[in-house]
Amino acid sequence: MFFLVIFLIGLVLPFILIKIDASWIIWSPAIIFFFAAIITVIKVFIFPGEGMADLAERIYVMIFGAAAAGSIIGGGIVHLIKSKK
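Only a predicted model underlies this, so the values are computations on that prediction, with no experimental measurement involved.

Cut-offs applied
- Residues numbered from 1 in each chain as written.
- Predicted model: local features only at pLDDT ≥ 70, side-chain atom pairs only at ≥ 80, totals over all residues.
- Heavy atoms only, no water.
- Axes fitted to C-alpha atoms, helices over the stretch in contact; angles between N-to-C directions.
- Helix = DSSP H or I, 4+ residues; strand = E, 2+ residues; numbered from the N terminus.
- Left-handed = near helix turned anticlockwise from the far one by under 90°.
- Nonpolar A, V, L, I, M, F, W, Y, C, P; charged D, E, K, R; others polar.
- Expected span 1.5 Å × (residues − 1).
- Buried < 20%, exposed > 50% of the residue type's maximum accessible area, 1.4 Å probe, protein only.
- Contact = heavy atoms within 4.5 Å.
- Salt bridge = Lys/Arg side-chain N within 4 Å of Asp/Glu carboxyl O.
- Parallel < 35°, antiparallel > 145°, perpendicular 65-115°, else oblique.
- Core = buried A, V, L, I, M, F, W, Y, C linked by side-chain atoms within 4.5 Å.

Caption draft 1: Quick peek at the packing of helix H1 (residues 2-16) against helix H3 (residues 52-84). Where H1 meets H3, the closest approach of the two axes is 7 Å, and the angle between their N-to-C directions is 35°. Along this stretch, H1 crosses H3, giving a crossing that reads as right-handed. Residue classes in the contact of H1 with H3 are distributed as 17 nonpolar, five polar and no charged.

Right, here's the structure in full:
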């Protein structure tokens, strides 16, 4: 349920930015969340945590990944809506 909410937040962000004329702006949340997930994965491999800290870092990766997936899908939908007009 929590990851669904994070996914939906990522999905809604491009729709909030739909009124801005720049075409790259709808992809900016996806890029930000994707790079946050990549940076978190690199941090996990370079500085691994112990016990529950390791689990928390993996959950952060899943949170950023779910938000990035939602933003990519939302950006694609917004792109299709803008191209139809």
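Caption draft 2: Representation of H3. Here H3 contains 33 residues, and its C-alpha end-to-end distance of 48 Å stays within 8% of the 48 Å for a straight helix at 1.5 Å per residue. All buried positions along H3 are accounted for by Asp54, Glu57, Ile63, Ala66, Ala67, Ala68, Gly70, Ser71, Gly74, Gly75 and Val78. At its buried positions, H3 is contacted by H1 and helix H2 (28-46).

Caption draft 3: Region of interest: the pattern of salt bridges. Tallied over the entire structure, the rule returns two salt bridges. In this structure, Lys43 engages Glu57 in a salt bridge whose closest nitrogen and oxygen atoms are separated by 2.6 Å. Of this pair, Lys43 sits in helix H2 while Glu57 sits in helix H3; the two residues are 14 residues apart in sequence, bridging distant segments of the chain. For Lys43, a relative accessible area of 38% corresponds to the partly exposed category. Asp54 is paired through a salt bridge with Arg58; the nearest N and O atoms lie 3.2 Å apart. You can see Asp54 and its partner Arg58 sitting in helix H3, four residues apart, about one turn around the helix.

Caption draft 4: Representation of the packing of H2 against H3 in the model. Relative orientation of the contacting elements H2 and H3 amounts to 160°, with a least axis distance of 8 Å. When the axes of H2 and H3 are compared, the pair comes out roughly antiparallel. The element H2 and its partner H3 pack so that their crossing is left-handed. Taken together, the residues of H3 that come into contact with H2 (itself represented by Pro29, Ala30, Phe33, Phe34, Ala36, Ala37, Thr40, Val41, Lys43 and Val44) are Asp54, Glu57, Tyr60, Val61, Phe64, Gly65, Ala67, Ala68, Ser71 and Ile72. In terms of residue class, the contact of H2 with H3 is built from 14 nonpolar, three polar and three charged.

Caption draft 5: Here's a closer look at H2. Taking 1.5 Å of rise per residue, the 19 residues of H2 would be expected to cover 27 Å, and the 27 Å separating its terminal C-alpha atoms lies within 8% of that figure. Among the residues of H2, Ser28, Pro29, Ala30, Phe33, Ala36, Ala37, Thr40 and Val44 are the ones counted as buried. Against H1 and H3 lie the buried residues of H2.

Caption draft 6: Structural detail: the nonpolar core. If you look at the biggest cluster of nonpolar residues, it comprises six residues: Ile6, Phe33, Ile63, Ala66, Ala67 and Ala68. Excluding residues within four positions of it along the chain, Ile63 makes contact with Phe2, Phe3 and Ile6.

Bear in mind that shape data such as this cannot, by itself, settle questions of function.
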